[in-house]
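Structure at a glance
The lines below spell out each chain.
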Amino acid sequence: MPSYEEVFRNNQEWLSKKKETDPDFFEKLAADQRPEYLYIGCSDSRVTAEEIMGAKPGDVFIHRNIANLVNAIDLNVMAVINYAVRHLDVKHIIVCGHYNCGGVKAAMQPKDLGILNPWLRNIRDVYRLHMDELNAIKDEHERYNRLVELNVQEQCINVIKLASVQQAYIRNKYPIVHGWVFDIKSGKIIDLNLDFKSILKDIQQIYDLTGTITESK
Ligand code: CO
């Protein structure tokens, strides 16, 4: 890990290298951002969005929180998604969880975790939704990994429930919502291959927000 002082030396080296390969790099970077990806991931220090994707500055709009949750009353994630969809016009929204997620693990413990209780409640709710499947898995570690995957799936559904996402999709046929799990042990990104179109169709039976608000007469 670099020392605090080293961070600034590293930064200097990095920007010199960037300018060597492209003298206008920072001028172009400062002009605008047109990222095609919105990435919603875990705050975990081991899961760095750009690095695992091989992406550059300007490629990915990023939101990270504990256990990559998309909660409709979290103003932070709601503002990020709204801005990414309605202003940046992103083509893909990725929810990326990871195996060995401390947040998911904590939600499986019968413990009072203080301020984390309402946050991790969202994961306990995922467990409750999929209780039969999860309880049928005897191995605790496997059950934990499956909950990581199901949590990603449910957070993707939460993204698809949003008016901004539904309306943009009708207009443009994008953004497409993808569920990923990063396998820390192998370094591999696993695409859960969620069927975006069928999930959208399914949830619109209840969460259809594509109509416009009409004044009552
Ligand atoms: Co995590």
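Residues numbered from 1 in each chain as written. Predicted model: local features only at pLDDT ≥ 70, side-chain atom pairs only at ≥ 80, totals over all residues. Heavy atoms only, no water.

Considering the side chain of glutamine 155
Structurally, glutamine 155 is set in helix H8 (residues 140-160). In this structure glutamine 155 comes out as buried when scored by relative accessible area, which is 2%. Among the polar contacts listed, one links the side chain of glutamine 155 to the backbone nitrogen of valine 70, at a separation of 2.8 Å. Dropping the residues within four chain positions of it, glutamine 155 is found in contact with Asn68, Leu69, Val70, Val95 and Val126. (Helix = DSSP H or I, 4+ residues; strand = E, 2+ residues; numbered from the N terminus. Buried < 20%, exposed > 50% of the residue type's maximum accessible area, 1.4 Å probe, protein only. Polar contact = N/O pair within 3.5 Å; in protein donor to acceptor, adjacent residues only side chain to side chain. Contact = heavy atoms within 4.5 Å.)

As for the environment of leucine 113
Of note, leucine 113 is situated in the loop between helix H5 (102-107) and helix H6 (116-129). Taking relative accessible area as the criterion, leucine 113 reaches 27% and is therefore assigned partly exposed. When neighbours within four sequence positions are excluded, leucine 113 is seen to be in contact with Ala106 and Leu120.

Overview of the coordination of the cobalt ion
Protein-derived ligands of the cobalt ion are Cys42 (SG), His98 (NE2) and Cys101 (SG), with the metal-ligand distances lying across 2.1 to 2.3 Å. When the donor residues of the cobalt ion are listed from N- to C-terminus, their spacing reads C-x55-H-x2-C. Placement of the pair is cysteine 42 in strand E1 (residues 37-42) and cysteine 101 in the loop between strand E3 (92-98) and H5, with a sequence separation of 59 residues. Each member of the pair, cysteine 42 together with cysteine 101, is buried. (Donors = N, O, S within 2.8 Å, 3.2 Å for Na, K, Ca; no water.)

Points about the packing of helix H4 (residues 75-86) against helix H9 (residues 163-172)
It is the contact of H4 with H9, at a shortest axis distance of 9 Å, that shows an interaxial angle of 15 degrees. For the element pair H4 / H9, the angle class is roughly parallel. The handedness of the crossing between H4 and H9 comes out as left-handed. When H4 is examined against H9, the residues Ile81, Asn82, Val85 and Arg86 are found in contact with a partner set consisting of Ala163, Ser164, Val165, Gln167 and Ala168. Split into classes, the residues belonging to the contact of H4 with H9 amount to five nonpolar, three polar and one charged. (Axes fitted to C-alpha atoms, helices over the stretch in contact; angles between N-to-C directions. Parallel < 35°, antiparallel > 145°, perpendicular 65-115°, else oblique. Left-handed = near helix turned anticlockwise from the far one by under 90°. Nonpolar A, V, L, I, M, F, W, Y, C, P; charged D, E, K, R; others polar.)

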